[in-house]
Amino acid sequence: MVKTAWNLTELAQYLGVELLGNACHEVSRVATLGQAGPGDLTFLSNPLYKTQLQSTGATAVILHPAMADECPVSALVTESPYLVYATASHLFDRRPQPSAGVHPTAWVADDVELGEGCRIGAHSVLESGCRLGANVEVGSGCVIGAQSKIGNDCVLHANVTFYHNVRVGDRCRFHSGVVVGADGFGFANEQGRWVKIAQLGGVAIGNDVEVGANTTIDRGAIQDTLIGNGVILDNQIQIAHNVEIGEGTAIAGCTGIAGSTRIGKYCTIAGAVGIAGHLEIADRVHLTMRSAITKSITEPGSYSSGTAMSKTGVWRKNAARFRQLDEMARRIQKLEKQIQGRDQSPD
Amino acid sequence: MVKTAWNLTELAQYLGVELLGNACHEVSRVATLGQAGPGDLTFLSNPLYKTQLQSTGATAVILHPAMADECPVSALVTESPYLVYATASHLFDRRPQPSAGVHPTAWVADDVELGEGCRIGAHSVLESGCRLGANVEVGSGCVIGAQSKIGNDCVLHANVTFYHNVRVGDRCRFHSGVVVGADGFGFANEQGRWVKIAQLGGVAIGNDVEVGANTTIDRGAIQDTLIGNGVILDNQIQIAHNVEIGEGTAIAGCTGIAGSTRIGKYCTIAGAVGIAGHLEIADRVHLTMRSAITKSITEPGSYSSGTAMSKTGVWRKNAARFRQLDEMARRIQKLEKQIQGRDQSPD
Amino acid sequence: MVKTAWNLTELAQYLGVELLGNACHEVSRVATLGQAGPGDLTFLSNPLYKTQLQSTGATAVILHPAMADECPVSALVTESPYLVYATASHLFDRRPQPSAGVHPTAWVADDVELGEGCRIGAHSVLESGCRLGANVEVGSGCVIGAQSKIGNDCVLHANVTFYHNVRVGDRCRFHSGVVVGADGFGFANEQGRWVKIAQLGGVAIGNDVEVGANTTIDRGAIQDTLIGNGVILDNQIQIAHNVEIGEGTAIAGCTGIAGSTRIGKYCTIAGAVGIAGHLEIADRVHLTMRSAITKSITEPGSYSSGTAMSKTGVWRKNAARFRQLDEMARRIQKLEKQIQGRDQSPD
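Criteria and cut-off values
- Residues numbered from 1 in each chain as written.
- Chains lettered and ligands numbered in written order.
- Predicted model: local features only at pLDDT ≥ 70, side-chain atom pairs only at ≥ 80, totals over all residues.
- Heavy atoms only, no water.
- Helix = DSSP H or I, 4+ residues; strand = E, 2+ residues; numbered from the N terminus.
- Rg over C-alpha atoms; globule rule 2.2 N^0.38 Å.
- Buried < 20%, exposed > 50% of the residue type's maximum accessible area, 1.4 Å probe, protein only.
- Contact = heavy atoms within 4.5 Å.
- Lys, Arg positive; Asp, Glu negative; His and termini not counted.
- Charge placed at Lys NZ, Arg CZ, Asp CG, Glu CD.
- Least-squares fit on C-alpha atoms with pLDDT ≥ 70 in both.
- Pairing = 2+ DSSP bridges.
- Arc of directions from axis to C-beta.
- Buried area = accessible area lost by both parts, 1.4 Å probe.
- Salt bridge = Lys/Arg side-chain N within 4 Å of Asp/Glu carboxyl O.
- Polar contact = N/O pair within 3.5 Å; in protein donor to acceptor, adjacent residues only side chain to side chain.
- Nonpolar A, V, L, I, M, F, W, Y, C, P; charged D, E, K, R; others polar.
- Domains from an automatic or database assignment.
- Axes fitted to C-alpha atoms, helices over the stretch in contact; angles between N-to-C directions.
- Phe/Tyr/Trp six-rings, centres within 6.5 Å; stacked < 30°, edge-to-face > 60°.

Novice: Please give an account of the overall build of chain A that cites residues and values.
Specialist: If you tally the helices and strands in chain A, you get five helices and 40 strands. Taking 2.2 N^0.38 as the reference for a compact globule, 347 residues should give roughly 20 Å; the C-alpha atoms of chain A span a radius of gyration of 27 Å, well beyond that estimate. Expressed as a percentage of its 347 residues, the buried residues of chain A come to 59%. Put simply, of all contacts in chain A between residues at least 6 apart along the chain, 19% involve residues at least 24 apart. Charge centroids of chain A, computed over 29 positive and 33 negative side chains, lie 12 Å from each other.

Novice: Can you lay out the relation of the copies chain C and chain A for me, pointing to particular residues and giving the numbers?
Specialist: Rotating chain C by 120° and moving it 0.0 Å along the rotation axis overlays it on chain A with an RMSD of 0.0 Å. Taken together, these values place the two copies in the relation of a three-fold axis.

Novice: Account for unusual backbone geometry, naming residues and giving values.
Specialist: Even without being a glycine, glutamine 236 of chain A presents a positive backbone phi close to 55°. Along the polypeptide, glutamine 236 of chain A turns up in the loop between strand 28 (232-233) and strand 29 (238-239).

Novice: I'd like to hear about helix 3 (residues 81-89) of chain B, residue by residue, with values.
Specialist: Of all nine residues making up helix 3 of chain B, seven are buried, and the element is well covered by its neighbours. The secondary structure elements touched by the buried residues of helix 3 of chain B are strand 22 (187-190) and strand 23 (193-196) of chain A together with helix 1 (8-15), strand 4 (29-30), strand 5 (40-43) and strand 6 (60-63) of chain B.

Novice: For the pairing of strand 7 (residues 74-77) of chain B, give the residues involved together with the corresponding values.
Specialist: Regular strands have side chains that alternate between both faces of the sheet. Residue and element names in this part refer to chain B. Of the two faces of strand 7, both are covered, the one formed by Ser74 and Leu76 as well as the one formed by Ala75 and Val77. Taken together, the three bridges between strand 2 (residues 18-20) and strand 7 define a ladder with antiparallel strand orientation. When the bridges of strand 7 are listed, leucine 19 appears paired with leucine 76.

Novice: Tell me about helix 1 of chain B, and please be specific about residues and values.
Specialist: Residues and elements named next belong to chain B. Here helix 1 has its buried residues at Leu8, Leu11, Ala12 and Leu15. Projected down its long axis, helix 1 shows its buried positions confined to an angular sector of 100°, all on one face. Looking one or two places after helix 1, you find glycine 16, whose phi comes out positive at around 70°.

Novice: Could you give an account of the interface of chain B and chain C, naming the residues involved and the relevant values?
Specialist: Of the residues lining the interface, 80 residues belong to chain B; the matching set on chain C comes to 71 residues. In total, about 6200 Å² of surface goes out of reach between chain B and chain C, with carbon and sulfur atoms giving 62% of it. Between the two partners, chain B and chain C, sit three salt bridges. Put simply, glutamate 210 of chain C and lysine 196 of chain B hold a salt bridge, and the shortest N to O gap is 2.8 Å. At the boundary of chain B and chain C, one finds 32 residue pairs in polar contact (both at pLDDT 80 or more). With eight residues, helix 5 (residues 325-344) of chain B is the single largest residue contributor to the side of chain B that touches chain C. A class-by-class count of the residues in the side of chain B that touches chain C yields 38 nonpolar, 30 polar and twelve charged. Here strand 39 (residues 301-304) of chain B pairs with strand 40 (residues 310-311) of chain C via two bridges, running antiparallel. Within strand 40 of chain C, the residue paired with serine 304 of chain B across the bridge is serine 310 of chain C.

Novice: Help me get a handle on the domain arrangement of chain A, residues and values and all.
Specialist: The domain boundaries assigned to chain A delineate domain 1 (6-92), domain 2 (101-303) and domain 3 (312-344). A straight line from the C-alpha centre of domain 1 of chain A to that of domain 3 of chain A covers 57 Å.

Novice: Explain the sheet that holds strand 10 (residues 113-114) of chain C residue by residue, including any values.
Specialist: Pairing in this open sheet of nine strands is parallel, and the strands run 10-13-16-19-24-27-30-33-36 (chain C) from one edge to the other. Two strands in the sheet have a free side with no partner beyond their single neighbour: strand 10 and strand 36 (280-281) of chain C.

Novice: Outline the sheet that holds strand 4 of chain B, listing residues and values.
Specialist: All names here are of chain B. The strand order across the open sheet built from five strands is 2-7-6-5-4, with neighbouring strands paired in mixed fashion. In this open sheet, the two strands that pair with only one neighbour each are strand 2 and strand 4. As paired strands, strand 4 and strand 5 are joined by two bridges and run parallel to one another. Directly across from valine 30, in strand 5, lies its bridge partner leucine 41. Strand contacts of helix 1: strand 2, strand 5, strand 6 and strand 7, with the helix running at about 15° to strand 7, the strand carrying the most contacts. Along the sheet, helix 3 contacts strand 4, strand 5 and strand 6; its crossing angle with strand 6, the most-contacted strand, is approximately 130°.

Novice: Let's hear about the packing of aromatic side chains: which residues, and what values?
Specialist: Taken as a whole and assessed by the stated rule, the structure comprises 15 aromatic pairs over all chains. For the pair tryptophan 6 of chain B and tyrosine 14 of chain B, a centre-to-centre distance of 5.5 Å together with 50° between the ring planes defines the contact as tilted. Its relative accessible area of 5% is what places tryptophan 6 of chain B among the buried residues. Ring geometry for phenylalanine 185 of chain C and phenylalanine 187 of chain C: centres 5.4 Å apart, planes at 70°, overall edge-to-face. One aromatic cluster is present, built from ring pairs that chain together Phe43, Tyr82 and Tyr85 of chain A.

Novice: Let's hear about the environment of cysteine 142 of chain B: which residues, and what values?
Specialist: All names here are of chain B. Among the structural elements, cysteine 142 can be located in the loop between strand 14 (137-138) and strand 15 (143-144). The class of cysteine 142 is buried, set by a relative accessible area of 0%. For the pair cysteine 142 and serine 176, spaced 34 residues apart in sequence, the C-alpha to C-alpha distance is 8.6 Å. Discounting chain neighbours no more than four positions away, the residues touching cysteine 142 are His123, Ser124, Val125, Leu156, His157, Ala158, Asn159 and Val160.

Printed below as a string of structure tokens:
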């Protein structure tokens, strides 16, 4: 699908949108509304950037019908400009494609099964019993543990690690530094000494899942850790053993989810959220940035914790008062009683 | 120790527990109480799951004497069911074992010393002067820096990185993506310009330490960073230079500890805790999830910081009021004085 | 510059400081003031350690003129002892140096350009079109994506991953597990389904940048993610797509910065700070440990959020009251009105 340039007519057709403007013009790159020049395709989705439309140097703009009149250049008109841009963006992705086949420096166990069109990178390792579907790309330096199964059209970028018995659906993408299937943090305590519990479960990941750089997903203690279809995970997320994440849920970077917690479907969890173990989070819950979640959430909606930012000098005073909050509440109560008592007294 | 199946009599003997039930039955897998079927071993430790005992399909259950009467199947009876399960779990761990010896694609410097029974994985690198004890497993893609020493029976899973001069005791386990011995974050400032300070110390790790995936432990600035015996670290933890962690301390995922802080023995630090630098944390301290610790803790006990979660709309109002806390406290004080003044006035 | 031992006269000359003491003595190692013995160089910068000066066993101490009189051994005298120590520390860094040239197990694409003096480690991979300046060290197991450019005198420690089209200036250092150029977390939502947006920008990193272990810096969506000259980043930091970080800014471990946020110059951001997306942070801003920043900061100064730590029992009561803060504020207001009303009433 990657061509040097797209004629606007064929582009509109490919994207399923209406073209208003010059059918012969071509675009060969993507740029932002403010920076675009001749030959560039851009888009207008966030109304904040509307003021940049008049002066854009782009050859064509993907935008909403309501904006079409104000567009000084060719317009690709759609009710969902951001979504159409998402589709269009891939046409201009010139990410170098690895060669087909198995790189001569890769080490692939004898019994590994590779589907058609797989590209196995330099110095990667596929251990015994792995089974890869068609068109799987394994980047340089990846290690795929024994008995792991990867569906069709998956991409593992360089230096991804799967332990044994990891199962992945189709069209998933794993970024560099991801570790799937490391032991969950399971120990019994014997008079101060930690006794390791073997982590016997695996990890099962659905279709269309993306996992960001350096994110870790531990294997289950007995049953599997489960990542549903269409889940997207940003960088540096920690998913502990036996966590379940429901279909279509999105989680931003640096969030950590402790063991056995079940996250519902279509949740959006912002960055650096912490979720304690053994909780249930309902479907369609939104958690704002850096929330600490220590109780189950049974209703959809948005939830938060934390305090607002202040100048450090001001904050220090307020943070100190936080320690007196309960006492303050009691003093207010006492004052209310005193006032009330006196209002009722016959003075 | 990994066999296809265990006869209950030999299993009870191996675990040092009493068998109540059919001495001839065999178990070949582990399952949860709720999901177990014929041939499965399970355990009951958390009273929450007691209701599942009656209907379990397991062949045998590890449980407390107080539960033995209610067990419908064979029982392995012990005062410490979770601990006994921990021991038993390893009998059923079918993690594929790497082949003995040095993989042909590994690169091992001439002067490296390997103990008996070492298994060195594909594409791993052992630099000059490394010394490994007996039965050390080095996973594929690991890099062990020059002059590092690793004791007996250690496991480094795939893609672990040790810098030079890292010293590790016996029976330690490092999960994928772990980095030990990177430079501490040490810089002097010269009129806005950061001047790097060479990090000349190493890292010294005791016996029976486990380090979770993508956790980082920096080398010391001058002296070593120290991890005591029996310390267990979950995933994505950051241990800065010259931190010391006392024996038997457990730290959950995503926690960060800044430079030169000393953590006592037998502490339990929950997930995503932040501990500032140059602090002393006493023995047997517990820190709850996401606490921010900015002062030393001199007494054992449990410590916390943060706020409870609310619906975002409610939270926003309260978070805004946080900025007025000090002012609120002063207003309460003033009200108290006014009330008191009037109570004492002769009106 | 690494010699076995330095004569104090030549050391003072090299460092540009005054020597008070025995010009013939030699130092061969660095130690802390408290632990130093014969042959050791040490320094006194933090006044807290002043009491250790009298009894130091060091051969020489780098210190401030005001301390020189009290120094019982040779003194290297300077207004900036910590800065001079930073320079001196590198003279005693015995980090093993990798051999020059390309390791026989490295895989380097035909068209890669390597400057003079490059050292390319075992099992590393340099993809097509990479260009490295002079004296670049690439550790074992690194993967450098296609078309990436690295300036002179850079160091990539083992197991660093660069995606394609990453551009780095001179004298930069990347620690193990760093991932530069992974896809930003960009998705459009189509009725619950996440549609990936190709991340077409790159990453541009200035000169004299240090990046700590397991830190991730995502590539831009359309334009580049930008890291300015002299920026220093600790371990496990997450830099999202299209973030810009100004010259000389320092960021401590576990901090996360969401997409398109611009951080000014000469900022100091402590550990585990979270900064939301699309914000502007002014120059010379200091953020204290674990602050959550959800609004732009337009003025230099120090900013914070969060609460102070307490014993968990105490904290629990106060954290619960946090939910009533707005109500408490209203009750105070009401009390004030009641008091005021009565003071004005003719009773």
